[in-house]
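Chains, contacts and geometry: an overview
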Amino acid sequence: MNIYTRLKKDHEKQRELCKELAKTQSGSENRANLWEELKVELGAHALAEEQVFYSAMMEKPDGTEEARHSVAEHKDMTDLIEELDAMDQSADIWMKKFEKLKHEVIHHVDEEEADIFPVARKVISKDAAEDMAQDFDKRKDAEEKSVA
Ligand SMILES: [Fe+2]
Ligand SMILES: [Fe+2]
């Protein structure tokens, strides 16, 4: 498996979790559980992606701009996640803010797949893209453990 397939697998999970969470009832246990799952998934994915994938793209002159753009979006999402995490999940405003995060997450993963991966395929060798998938798993596992 190469890094693109590996990242897409997480993106699918993130789209699914966002959709499920948007359907939950105010203050439900389901909402609390899905939020915990999504929060860990988004955080660990973004950090591992930066350490393994974007750090490699950043080194290539033709990849720097895309990498910077994505990392900036990670920062925006992290800020929103922190805000949501500190808020009362049963409040109406929580779901309004969550809808904003959902929109950002879906925009971000769509953009990575449609715009960033084609650029990465030009600047990162096939062998490196294969190795990156394993490195990504290792980094992501470590990040998940550190927040769990
Ligand atoms: Fe990302
Ligand atoms: Fe991603």
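Residues numbered from 1 in each chain as written. Chains lettered and ligands numbered in written order. Predicted model: local features only at pLDDT ≥ 70, side-chain atom pairs only at ≥ 80, totals over all residues. Heavy atoms only, no water.

What follows covers the coordination of the iron ion (ligand 1). Only Glu49 (OE), His74 (NE2), His108 (NE2) and Glu112 (OE) from the protein reach the iron ion (ligand 1) as donors, at distances of 2.0 to 2.2 Å. Taken together, the four donor atoms coordinating the iron ion (ligand 1) span angles of 83 to 169 degrees at the metal, a pattern that classifies the geometry as irregular. Counting residues between consecutive donors of the iron ion (ligand 1) along the chain gives the motif E-x24-H-x33-H-x3-E. Here the iron ion (ligand 2) and the iron ion (ligand 1) are spaced 3.2 Å from one another, each receiving a donor from Glu49. In this pair, Glu49 sits in helix H2 (residues 29-59) while His108 sits in helix H4 (residues 92-123), placing the two residues 59 residues apart along the sequence. Overall, the relative accessible area of 0% leaves Glu49 in the buried class. Relative accessible area serves as the criterion here: at 3%, His108 is assigned to the buried category. (Donors = N, O, S within 2.8 Å, 3.2 Å for Na, K, Ca; no water. Tetrahedral: all angles 85-135°; square planar, octahedral: opposite > 155°, others 65-115°. Helix = DSSP H or I, 4+ residues; strand = E, 2+ residues; numbered from the N terminus. Buried < 20%, exposed > 50% of the residue type's maximum accessible area, 1.4 Å probe, protein only.)

Below, the discussion takes up the environment of Lys102. Looking at the element boundaries, Lys102 is found in helix H4. Remark: the alpha-carbon pair of Lys102 and Lys19, spanning 83 residues in sequence, is separated by 7.9 Å.

Among the surface-exposed residues, Asp127, Glu130, Asp131 and Asp135 lie close enough to one another that they form a single negatively charged patch. Within the secondary structure, Asp131 is located in helix H5 (residues 126-147). (Patch = residues over 30% accessible without salt bridge, like charges linked within 9 Å, V, L, I, M, F, W, Y side chains within 5 Å. Areas by Shrake-Rupley, 256 points an atom, 1.4 Å probe, with all protein chains shown as cover. Salt bridge = Lys/Arg side-chain N within 4 Å of Asp/Glu carboxyl O. Lys, Arg positive; Asp, Glu negative; His and termini not counted. Charge placed at Lys NZ, Arg CZ, Asp CG, Glu CD.)

Here we take up the confidence of the model for the protein chain. Put simply, the protein chain has an average pLDDT of 97, and 99% of its residues get 70 or more. Averaged pLDDT values for the elements of the protein chain fall to 95 in H5 and rise to 98 in helix H1 (residues 3-22). (pLDDT = per-residue confidence, 0-100.)

Here the focus is H5. Between the first and last C-alpha of H5 there are 32 Å, a value that for 22 residues agrees with the 32 Å anticipated at 1.5 Å per step. Among the residues making up H5, those that are buried are Ala129, Met132, Ala133, Phe136, Lys140 and Glu143. (Expected span 1.5 Å × (residues − 1).)

For the iron ion (ligand 2), the full set of protein donor atoms is His11 (NE2), His45 (NE2), Glu49 (OE) and Glu112 (OE), at a range of 2.0 to 2.2 Å. Classification of the site at the iron ion (ligand 2) rests on its four donor atoms, whose angles at the metal span 83 to 174 degrees, yielding the label irregular. As a motif over one chain, the donors of the iron ion (ligand 2) read H-x33-H-x3-E-x62-E. The class for His45 is buried, based on a relative accessible area of 4%.

So, on to the pattern of salt bridges. Taken as a whole and judged by the stated rule, the model has 16 salt bridges. Here Asp110 makes a salt bridge to Arg15, at a shortest N to O gap of 2.9 Å. Of this pair, Asp110 sits in helix H4 while Arg15 is found in helix H1, placing the two residues 95 residues apart along the sequence. Taking relative accessible area as the criterion, Asp110 reaches 37% and is therefore assigned partly exposed.

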